[in-house]
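# Structural characterization, general
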Amino acid sequence: MNRYNIAVVGATGAVGEEIFRVLEEKRFPVGDILPLASAKSAGETIEFNGKSYRVEELTESVFNGRDIDIAFFSAGGGISAKYARYAVEAGAVVIDNTSQFRMEDRVPLVVPEVNPEDIELWEDSGIIANPNCSTIQMVQILKPLDDLYGIKRVDVSTYQAVSGAGKSGMEELVNQMKDFFAFKLDETTIKTFPHQIALNVIPHIDTPQPNGYTKEEMKMVNETNKIMHSNFAISATCVRVPVMRSHSESITITFREGVEVSVDMVRDVLSKFPNLKVIDNLEQSIYPMPTISSDTDYTYVGRIRRDIFSPNILHLWGVADQVRVGAATNAVRIAERWIELKD
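Right, let's walk through the structure included here. Fair warning: this is a prediction, and the values are worked out from it, not measured in the lab. (Residues numbered from 1 in each chain as written. Predicted model: local features only at pLDDT ≥ 70, side-chain atom pairs only at ≥ 80, totals over all residues. Heavy atoms only, no water.)

### Topic: the side chain of Asn-132
- Assignment of secondary structure puts Asn-132 in the loop between strand S8 (127-129) and helix H3 (133-149).
- Among the residues examined, Asn-132 registers a relative accessible area of 5% and is labelled buried.
- Those residues in contact with Asn-132 that lie beyond four places of it in its chain are Arg-102, Glu-216, Lys-219, Met-220 and Glu-223. (Helix = DSSP H or I, 4+ residues; strand = E, 2+ residues; numbered from the N terminus. Buried < 20%, exposed > 50% of the residue type's maximum accessible area, 1.4 Å probe, protein only. Contact = heavy atoms within 4.5 Å.)

In structure tokens, the structure reads:
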């Protein structure tokens, strides 16, 4: 078996650390490892397959002569914009977890269960983009249903965990909850989010846009249609909730006129789609929740029901671990498919 030299940019961040975990769990054919981070984190060590690797500083020349095959970038859009081209020039394929390249025409935007054929376009730029976490889990659900009935419109509300904001988001929730139990919540630090997140719900993720939506919401609109090669209408409302890990989504799907949704058929096609799990028994209180999906590689679907007024409308609930399914695992799955094409 061929082995591949791997670089991880943002090696000490939440997604970078998860990439190493997923690579190890999947027994990915890793040759050498090059963990990269800022000068602040350089010198730290990461553990992989029983060995310790020293984190090096990301520089313009760090890829030179290193024979890196795959470079995972998970350190923010500005870092990818500045340094990804140096990895490509050194001969690596870049799998980018930021929003920097997602909507560029020359860069494929890939969820392997949905559009694996687009990976073949990687040579044009040397980069494959990993979609937004909320988009990934949604298109995994939409794809088999679009094939079944043909989608006309999607309306989605997200309930996004604090881990979507990285380690700082998780730390802020924990610290605010500590302050709550110490009766000091009125003195708590608010830094990562625009408001207190503990015991609160914030209908605002990312920067506001002129159309009244946020950047996060528009990512879901634009990325979904690029991934699915579609042009159906999408509206998103993205909400931050005081959950540590795993995003939840309430999705309403309007199909073509004349369609009469069969819930049994929907359950069947979803249960057969790769990496989806249907758990749906309301009477027994069985449905997807963050506590079920966290630290797994599946997107869970439940609360599946046909609209009571329009037979061509379906409502459902989906949950997935956005650090894994929505970032690290999807990136590694892209790498696996890239290897299949390359070999």
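### Describing the nonpolar core
- Counting 58 residues, the largest nonpolar core has Phe-63, Ile-253 and Leu-316 as its most contacted members.
- The element that contributes the greatest number of residues to this core is H3, accounting for seven residues.
- Leu-316 has contacts with Ile-141, Leu-145, Glu-249, Ser-250, Ile-251, Ile-253, Leu-270, Val-301, Gly-302, Arg-303, Ile-304 and Arg-305, leaving out every residue within four places of it along the chain.
- Grouped together as the second largest cluster of nonpolar side chains are 31 residues, Val-22, Ala-37, Ile-128 and Ala-328 included. (Core = buried A, V, L, I, M, F, W, Y, C linked by side-chain atoms within 4.5 Å.)

### Digging into unusual backbone geometry
- Look at Arg-27: it is not a glycine, yet its phi comes out positive at around 50 degrees.
- Secondary-structure assignment places Arg-27 in the loop between helix H1 (14-25) and strand S2 (30-37).
- Classification of Arg-27 by relative accessible area gives exposed; the value is 74%.
- Backbone geometry at Ser-285 places phi at a positive 60 degrees, although glycine is not the residue there.

### Brief notes about the sheet that holds strand S11 (residues 247-255)
- The mixed open sheet is built from six strands, whose spatial order is S10-S9-S11-S14-S13-S12. One side of each edge strand has no neighbouring strand; the edge strands of this open sheet are strand S10 (233-240) and strand S12 (276-278). The average undirected angle you get between the axes of adjacent strands in this sheet is 20 degrees.
- Sheet analysis places S12 next to strand S13 (residues 299-306), joined by three bridges and oriented parallel. Residue pairing in the sheet places Val-278 in a bridge with Val-301 of S13. (Pairing = 2+ DSSP bridges. Axes fitted to C-alpha atoms, helices over the stretch in contact; angles between N-to-C directions.)

### Overview of the environment of Pro-112
- Structurally, Pro-112 can be placed in the loop between strand S7 (93-96) and S8.
- Accessibility expressed as a relative area gives 4% for Pro-112, which makes it buried.
- For the pair formed by Pro-112 and Ala-335, sequence separation is 223 residues and the distance between their alpha carbons is 9.6 Å.
- Residues in contact with Pro-112, not counting those within four places in the same chain, are Asn-330, Arg-333, Ile-334 and Arg-337.

### Describing H1
- Between its first and last C-alpha atoms H1 spans 17 Å; for twelve residues at 1.5 Å apiece the expected length is 16 Å, and the two agree.
- Contacts from the buried residues of H1 go to strand S1 (4-9), S2, strand S3 (45-48), strand S6 (70-73), helix H4 (167-181) and helix H8 (324-342).
- Two residues or fewer after H1 comes Arg-27, characterised by a positive phi angle close to 50 degrees. (Expected span 1.5 Å × (residues − 1).)

### Focus: the pairing of S10
- Counting buried positions along S10 gives six out of eight residues, so the element sits mostly inside the fold.
- In terms of strand pairing, strand S9 (residues 151-160) meets S10 through eight bridges, oriented parallel. Its bridge partner lying in S10, Val-154 is registered against Ile-234.

### Here we look at H8
- Its axis deflected by about 40 degrees at Asn-330, H8 carries its strongest bend there.
- Counted residue by residue, H8 has 14 buried out of 19 residues, so it is predominantly covered. (Bend = angle between axes of the 7 residues up to and from the residue.)

### Let's talk about the side chain of Ser-235
- Assignment of secondary structure puts Ser-235 in strand S10.
- A polar atom in the side chain of Ser-235 sits 2.8 Å from the side chain of Tyr-213.
- Those residues within four positions of Ser-235 in sequence are excluded, and the remaining contacts are Arg-153, Val-154, Asp-155, Val-156 and Tyr-213. (Polar contact = N/O pair within 3.5 Å; in protein donor to acceptor, adjacent residues only side chain to side chain.)

### With respect to the pairing of S1
- Where burial is concerned, most of S1 is hidden: six out of the six residues are buried.
- Neither face of S1 is exposed, since Tyr-4, Ile-6 and Val-8 on one face and Asn-5, Ala-7 and Val-9 on the opposite face are all buried.
- Since S1 and S2 lie parallel, the crossover through H1 that links them has a hand, and here it is right-handed.
- Where S1 meets S6, four bridges bridge the pair, whose relative direction is parallel. Bridging across to S6, Val-8 finds its partner in Phe-72. (Right-handed = clockwise from strand over helix to strand, strands pointing away.)

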